[in-house]
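What follows is each chain in one-letter form.
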Amino acid sequence: MSTLTVDTVQNGRIRKVDSSASVHDLGEYEISRLLDRPKNLNLDRQRSFDERSLTDVPSGLSPHPLSRPDVFCRAFDNADSLYSPGKPSGYNSPTSQYGHGMAFEPHPMIGEAWDSLRRSMVCFRGQPVGTIAALDNSEEKLNYDQVFVRDFVPSALAFLMNGEPDIVKNFILKTLRLQSWEKKVDRFHLGAGVMPASFKVLHDPIRNTETLIADFGESAIGRVAPVDSGFWWIILLRAYTKSTGDTSLAEMPECQKGIRLILSLCLSEGFDTFPTLLCADGCCMIDRRMGVYGYPIEIQALFFMALRSAMFLLKQDGPGKELIEQIVKRLHALSYHMRNYFWLDLKQLNDIYRYKTEEYSHTAVNKFNIMPDSLPEWVFDFMPLNGGYFVGNVGPSNMDFRWFCLGNCVAILSSLATHEQSTAIMDLIESRWGELVGEMPLKVCYPAIENHEWRIVTGCDPKNTRWSYHNAGSWPVLLWLLTAACIKTGRPQIARRAIELAETRLSRDSWPEYYDGKVGRFIGKQARKNQTWSIAGYLVAKMLLEDPSHLGMISIEEDKQLKPVLKRSASWTF
């Protein structure tokens, strides 16, 4: 491996705005009052696609002008266009000041969490470039001493919200340079746009040198490339730009090229008949064999959010303009496909229960030939009267009815889910609190697979036994995604309840990676302690509740041009 040197750009400016109100002081439907204060926008470019209609691009897709969503969220109708300034949230000081001179004593865990997060920081040639996965010296390190792209996201958001963007900027630039490396598994070369799953800084005390070593999947379990890394990188670049108001980083030719390389892997033409991405098992947070191969909801939701983020970041000239036209077409197809074919509620469940099979021609109602007998028994009791969710996977004669937390939360934040669907997802979480939250937030998926099915699906994986790890284990890191989704849908009380539940044990248990058991009662049998993203996820959740304007970093408004037509002919009904 070669040694990398990156010159960081230091001409970005950070502006501060007062952001003193807290969700703790508000009623369920009063958060919108926060939006009455002035909003600083430090974006000199033309309106981004986050703030424009998709019809502003000359794609010929729709002649109708876009009006703003009526009320996507009663509290955060304009959350995406907020300038989130990365104002320090007061968590480095004994107290946080709220509006009207009121002082709030932060939870004792906050100081401990910040200390742990700072100890996890990794430096390369004197500059912080990320945080390692875990600081657990009681176990063999394996790859937990590396900086993972997906793991760093909550850490990055915590630093941005606390007004410390430098480490995020350095991380973005370092991983961008790693993208340009030759990527080879055995004799096969990976695509130029693939981002690393992780990297590590090697110190040579004899020569007094530091070298970066990256893993693009060639060292991973199962040798699978990380499909989600590139999407998280784009999403994080948008969060940095939104937080700081500094557009110079995203506008660097290298960053523009990096975005184009990532998306070229996804938008290239092939044999696909669906707008979704076909993926191998183990290509995302669930990085082991767990039956998510095909079209997993996590990847599709992240793909959608990365496309929306790219619309904000790409320059509107040359190769950027051509790519934007491709993105617009894909977004229309992807949103329609996901909102119709992946969505499950009581009515849709009943429709599938009554499906006819072996239908042929374009008039088929059961388009994917889903067998009603494949409906699992648990789903009938799990589905509430008012509620719904995006299922785990949909493909030819295959529908994975499992609930996956990350994919559904990202669907809300990216506005892949409509207003009605977002509300239904939150209704489901409230109705099935005991199953999805239990004693420790939050189930990565539900329910667990076990017995003969476990042997077939996981290959008898001893780490993914029932109610453990990726097989319906409880992951505290998911708190930040739940909190963001709750705030966007105007229901912060759900997040507050989950955070208070986590605070009863997380610190006492030394910040485990995950919990085991049907209700998350036991520390995971192979869980690392002092897991960085468990720590960072908690901090981000707390800061979002303290200052909901931070939501603008990670939330994108709904575009009505992507909203599905409610009345369709039978030939277009799933």
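Residues numbered from 1 in each chain as written. Predicted model: local features only at pLDDT ≥ 70, side-chain atom pairs only at ≥ 80, totals over all residues. Heavy atoms only, no water.

- The name given to the protein in an unreviewed UniProt entry is Alkaline/neutral invertase, with the source organism recorded as Sesamum calycinum.
- Under the heading Catalytic activity (unreviewed entry), UniProt records this for the protein: "Hydrolysis of terminal non-reducing beta-D-fructofuranoside residues in beta-D-fructofuranosides."
- Its UniProt record, at the heading Sequence similarities (unreviewed entry), says of the protein: "Belongs to the glycosyl hydrolase 100 family." (UniProt positions renumbered as here; feature names shortened; annotations may be inferred.)

### Topic: the pairing of strand S8 (residues 198–204)
Phase 1: Two strands pair when backbone bridges link them, and strand S5 (residues 147–148) and S8 are joined in this way by two bridges, in the antiparallel orientation. Its bridge partner lying in S8, Phe 148 is registered against Ser 198.
Phase 2: Between S8 and strand S9 (residues 209–215), which follow one another and run antiparallel, lie four residues, and Asn 208 among them has a positive phi close to 55 degrees. (Pairing = 2+ DSSP bridges. Helix = DSSP H or I, 4+ residues; strand = E, 2+ residues; numbered from the N terminus.)

### Focus on the packing of helix H11 (residues 405–414) against helix H15 (residues 479–488)
Phase 1: Between H11 and H15, whose axes approach to 9 Å, the crossing angle comes to 40 degrees. Seen from above, H11 lies across H15 with left-handed handedness. Contacts between H11 and H15 involve Leu 406, Cys 409, Val 410, Ile 412, Leu 413 and Ser 414 on the former and, on the latter, Leu 481, Leu 482, Ala 484, Ala 485 and Lys 488.
Phase 2: For the contact of H11 with H15, the residue count by class is nine nonpolar, one polar and one charged. (Axes fitted to C-alpha atoms, helices over the stretch in contact; angles between N-to-C directions. Left-handed = near helix turned anticlockwise from the far one by under 90°. Contact = heavy atoms within 4.5 Å. Nonpolar A, V, L, I, M, F, W, Y, C, P; charged D, E, K, R; others polar.)

### Looking at the sheet that holds strand S11 (residues 388–395)
Each strand in a sheet pairs with another by means of backbone hydrogen bonds, the pair being arranged parallel or else antiparallel.
Phase 1: Reading across the sheet, the four strands line up as S10-S11-S12-S13 and stay open at both edges, with antiparallel pairing between neighbours. Both edges of this open sheet fall to strand S10 (343–345) and strand S13 (445–446), since each of them pairs with a single strand only.
Phase 2: Here three bridges tie S10 to S11, and the two strands are oriented antiparallel to one another. In the sheet register, Asp 345 faces S11, and the bridge partner there is Gly 388.

### Some points on the side chain of Ser 309
Phase 1: By the secondary structure assignment, Ser 309 is in helix H7 (residues 297–313).
Phase 2: Owing to a relative accessible area of 0%, Ser 309 belongs among the buried residues under this scheme.
Phase 3: Apart from the residues within four sequence positions on either side, Ser 309 is in contact with Ile 234, Ile 235, Arg 238 and Ile 556. (Buried < 20%, exposed > 50% of the residue type's maximum accessible area, 1.4 Å probe, protein only.)

### As for the packing of aromatic side chains
Phase 1: Evaluation of the coordinates by the stated rule reveals 22 aromatic pairs.
Phase 2: A connected cluster of aromatic rings, assembled from ring pairs, spans Trp 378, Phe 382, Tyr 389, Trp 403, Tyr 446 and Trp 467.
Phase 3: Looking at Arg 497, its charged tip hangs above the ring of Trp 433, at a distance of 4.0 Å from the centre.
Phase 4: One Lys or Arg, Arg 528, reaches over the ring of Tyr 144 and ends 4.4 Å from the middle of that ring. (Phe/Tyr/Trp six-rings, centres within 6.5 Å; stacked < 30°, edge-to-face > 60°. Lys NZ or Arg CZ within 6 Å of the ring centre and 35° of its normal.)

### What to know about the environment of Ser 549
Phase 1: Residue position: Ser 549 is located in the segment after helix H17 (532–546).
Phase 2: Once the C-alpha coordinates of Ser 549 and Met 161 are considered, the two residues, 388 residues apart in sequence, prove to be 9.9 Å apart.
Phase 3: For Ser 549, the side chain forms a polar contact with the side chain of Asp 547, separated by 2.7 Å. (Polar contact = N/O pair within 3.5 Å; in protein donor to acceptor, adjacent residues only side chain to side chain.)

### Focus: the confidence of the model for the protein
Phase 1: The predicted model of the protein averages 84 in pLDDT, with 79% of residues at 70 or higher.
Phase 2: The low-confidence segment residues 58–77, where pLDDT is below 50, has 60 contacts with residues more than four positions distant or belonging to other chains.
Phase 3: Counted against residues more than four places away or in other chains, residues 93–104, with its pLDDT under 50, gives 27 contacts. (pLDDT = per-residue confidence, 0-100.)

### Some details on the sheet that holds S8
Phase 1: Taking strand neighbours across the sheet as the criterion, the three strands line up as S5-S8-S9 in an open arrangement whose pairing is antiparallel. Unpaired on one side and paired on the other, S5 and S9 mark the two borders of the sheet.

### Points about the packing of helix H6 (residues 253–267) against H7
Phase 1: One way to put it is that H6 packs onto H7 with a least axis distance of 11 Å and a crossing angle of 145 degrees. The two elements H6 and H7 meet at a crossing, and its hand is left-handed. Every residue of H7 that contacts H6 at Gln 256, Ile 259, Leu 263, Cys 266 and Leu 267 is listed here: Phe 303, Leu 307, Ala 310 and Leu 313.

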